[in-house]
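# Descriptive structure summary
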Amino acid sequence: MLGPVSLTGPVLVASGTFGAGREASRFVDLRRLGGVIVKSMTLVPWRGKPTPRMCETPSGMLNAIGIQNKGVDHFITEDLPWLTRQGATVIASIAGNTVEEFVKVADKLRTGGRGVAAVEVNISCPNLEDRSDMFAHSARGTAAVVAGVKESLPRVPVFAKLSPNVTSLAEIAGAALDAGADGLSLINTVFGMAIDVEAMRPKLAGVVGGLSGPAIRPIAVRAVHEVHRAFPGAPIIGQGGIAGPRDALELVLAGAAAVAVGTANFVVPRLPVRVNEGIAEYMAARGVERVADLVGAVRLDEVAAASLEAGTP
Amino acid sequence: MSTGEVLTHRKYGEHYHSLTIVAPDIGQAVAPGQFVNISCAPSSAHILRRPFSVYRVHKRGGWASTIEIVFDVRGPGTAYLSTLRTHASVDLMGPLGRGFTLPARRAHALLVGGGIGAAPLFFLADELRNEGHRVDCILGARSGRYLLNAIDVRRLASVYRITTEDGSTGDKGRVTDVLIEVMERCGTEIVYTCGPHPMLAAVARICAERNVALQVAVEELMACGFGVCMTCVMPVRRAGPRGREDEIVYARSCTEGPVFDGASVVWSGEAEPLESEDAELSPAGIPVRAAALPASVGEVAPPGN
């Protein structure tokens, strides 16, 4: 269980790394995934950014794609029925540039999204009504989107996907929960930039991109741990750099009730299944019966806890 | 995904490496223009697979069920592959992408390849000849050292021309300098091309002017190779819905390509090749900065998603 959401397993696939499952289903049985968090959908189709959209970086990659997607209507008429037929657990990721756009997407899901297990709100989008700073970068912007979506979808579990690119993650997590979020997804990509020194140009057409992959895993583990300590009752989907079972276990021990594999799906689409098996083996070896018994189970002795309280790494 | 085994590692000239890999699933299924995505990561530092278009396949005989790829060492992934020897195991995904469409009736086909980009055209030439089509070829490169297997071109093509920018082999100049002449001489009905983006754009312009069918294998940086990451897009023109005007969309070169109808691609006047090691994340290592399309109304997208 992930708060109010009943999952078939603790390992999901992260939004934007799995499309809506169709392409990857050639390599992996979707029923063996805890759930599919589909690529973010917007009110109307978005074309996305020009290329180059990505480059490889040490133990990771940088991308600036621009949420290229066919829109919520396409999800409702094409992707959702297909996913349902495959027996997949579907989490719909939604995005927009204004609170109204988020709410309109949510409204469409209320009427046409039958079978959606939960909604993930991708608030790492520029807020056009607030000088284009991202919703996820302020408690106010985060709360406004979450409250609007929750009002539209009172009976659907809503997860807020938070950005790590903030000063106080716990403050924003608190704002999301106060606004009605049923849980949190941690973390979205980390802002980065790479420069081609020969051409003396940014490597990405979008200049700045989101860093993902094993390079960001320690950031994700820290973020999950920080938020879980602040809000122990809030279910967290831990994501960021999972490349194997032990990586997923780190996030669980830090406080994630479920995890999502992201960038590694590009390399090994079947990896989430292997991660799930690895978690089960770890639990069996230790006589742990439920994943819930591992959530936030990282041991901190008094010295470690005191050092955390003092806030100095 | 499959595990292949290196049968041979050879060099073509001083620049190009060739790996022949025993991979029965892929060898039996692959079509010209399709590619394989190979894990080049002995450590976690470089996580992404590297895509390679298939240069040759052997479906029958002593080397049955093998595929051959060619590459030059550009970055850490290809450097790793260049160390593989016979019996090394290789983790591959494939065959991936949409390959070349062969003519429905017997036709005069002209293959135009630039540098390492010519790789998929050798496999295509074999298939075209097997199906009874006439094959002519223009092969070009910066200089003779960068020509991919010019010797084999003589065997495969009825008429062949070689161009190098420095004149070290064949005619001095570019493939497009001799394209019209060869097309006229050979009665070309369809052109197949793969190579650097400016070359593809120039070939497309000439084919459009003369109303000759064109299939292009394009290059873009890709992270996944099977249609989910949305990084390898090309701007292409599509028929609008229900008789409306044509629309331009970003199409994934890994699943909707890498082969496109040359007339549908929106070529950028400012395209410039990426010469850095980053380029090894495309099937022949020669992608470009593509034309930017106007964003949809009101759309301001985040940096990473």
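A few points on the structure. (Residues numbered from 1 in each chain as written. Chains lettered and ligands numbered in written order. Predicted model: local features only at pLDDT ≥ 70, side-chain atom pairs only at ≥ 80, totals over all residues.)

Before going further, it helps to spend a moment on unusual backbone geometry. Cis geometry is adopted by the peptide bond preceding A:P52, which originates at A:T51 and carries an omega value of 5 degrees. Note that A:P52 resides in the loop between β2 (35-37) and β3 (54-57). For the bond from B:G94 to B:P95, the omega torsion is -5 degrees, close enough to zero to count as cis. By the element assignment, B:P95 lies in strand β7 (residues 89-96). In this model, A:V207 sits at a positive phi of 65 degrees, which is unusual for a non-glycine residue. Positionally, A:V207 belongs in the loop between β11 (201-202) and β12 (208-212). Backbone geometry at B:H87 places phi at a positive 80 degrees, although glycine is not the residue there. With respect to the element layout, B:H87 can be found in the loop between α2 (76-81) and β7. Its 9 C-beta neighbours within 10 Å are what place B:H87 among the exposed residues. (Helix = DSSP H or I, 4+ residues; strand = E, 2+ residues; numbered from the N terminus. Buried ≥ 20, exposed ≤ 12 C-beta atoms within 10 Å, placed from the backbone.)

Turning to the nonpolar core, a few remarks are in order. Of all hydrophobic cores here, the largest spans 195 residues; its most connected members are A:V36, A:V119, A:V121, A:A176, A:L184, A:A256 and B:V36. With seven residues, the single largest contributor to this core is helix α3 (residues 119-130) of chain B. (Core = buried A, V, L, I, M, F, W, Y, C linked by C-beta atoms within 7 Å.)

Attention now moves to the sheet that holds strand β10 (residues 160-164) of chain B. Across a sheet, strands are paired by hydrogen bonds formed along the backbone, either parallel or antiparallel in direction. Residues and elements named next belong to chain B. An order of β11-β10-β9-β8-β12-β13-β16 is seen for the seven strands of this open sheet, with the pairing classed as mixed. Both outer strands of the open sheet, β11 (171-172) and β16 (259-261), are each paired with one neighbouring strand and no more. Pairing geometry for strand β13 (residues 213-217) and β16, over three bridges, is antiparallel. Across the sheet, residue Q215 finds its bridge partner in β16, namely D261. Relative to strand β8 (residues 108-114), α3 is tilted by about 165 degrees, and along the sheet it contacts β8, β9 (134-141), β12 (190-194) and β13. (Pairing = 2+ DSSP bridges. Contact = placed C-beta atoms within 7 Å. Axes fitted to C-alpha atoms, helices over the stretch in contact; angles between N-to-C directions.)

Over its 16 residues, helix α8 (residues 271-286) of chain A extends 23 Å from the first C-alpha to the last, a length consistent with the 22 Å expected when each residue adds 1.5 Å. Looking one or two places after α8(A), you find A:G287, whose phi comes out positive at around 70 degrees. (Expected span 1.5 Å × (residues − 1).)

Our focus in this paragraph is the environment of B:A141. Residues and elements named next belong to chain B. Looking at the secondary structure, you find A141 in strand β9. Judged by the 28 C-beta atoms lying within 10 Å of it, A141 is buried. For the pair A141 and S82, spaced 59 residues apart in sequence, the C-alpha to C-alpha distance is 22 Å.

What follows deals with the pairing of strand β8 (residues 183-186) of chain A. All names here are of chain A. Because side chains alternate across β8, one face comprises the buried residues G183 and S185, and the other comprises L184 and L186, equally buried. After leaving strand β7 (residues 158-161), the chain enters helix α4 (residues 169-178) and then returns to the sheet as β8, a path that is right-handed. Pairing between β8 and strand β13 (residues 236-239): three bridges, direction parallel. Within β13, the position partnered with L184 by the bridge is I236. (Right-handed = clockwise from strand over helix to strand, strands pointing away.)

Once that is clear, we can look at the sheet that holds β7(B). All names here are of chain B. Ordered in space as β4-β3-β7-β1-β2-β6-β5, the seven strands form an open sheet in which the pairing is antiparallel. The sheet is open, and its two borders are formed by β4 (50-53) and β5 (56-58), each paired with just one other strand. When the angles between neighbouring strand axes are averaged without regard to direction, this sheet yields 35 degrees. In terms of strand pairing, strand β3 (residues 35-38) meets β4 through four bridges, oriented antiparallel. By the bridge assignment for β4, I38 is matched with R50. Across the sheet, α3 lies against β4, β5 and β6 (66-71), angled at about 45 degrees from β5, the strand it touches most.

Below, the discussion takes up the packing of α4(A) against helix α5 (residues 217-230) of chain A. Residues and elements named next belong to chain A. In contact at an axis separation of 9 Å, α4 and α5 are set at 55 degrees when each is read in the N-to-C sense. What the angle tells us is that α4 and α5 run oblique. Crossing of α4 over α5 shows right-handed handedness. In this structure, α4 uses L169, A170, A173 and G174 to contact α5, whose residues at the interface are A223, E226, V227 and A230. When the residues that make up the contact of α4 with α5 are grouped by side-chain class, the tally is six nonpolar, one polar and one charged. (Parallel < 35°, antiparallel > 145°, perpendicular 65-115°, else oblique. Left-handed = near helix turned anticlockwise from the far one by under 90°. Nonpolar A, V, L, I, M, F, W, Y, C, P; charged D, E, K, R; others polar.)

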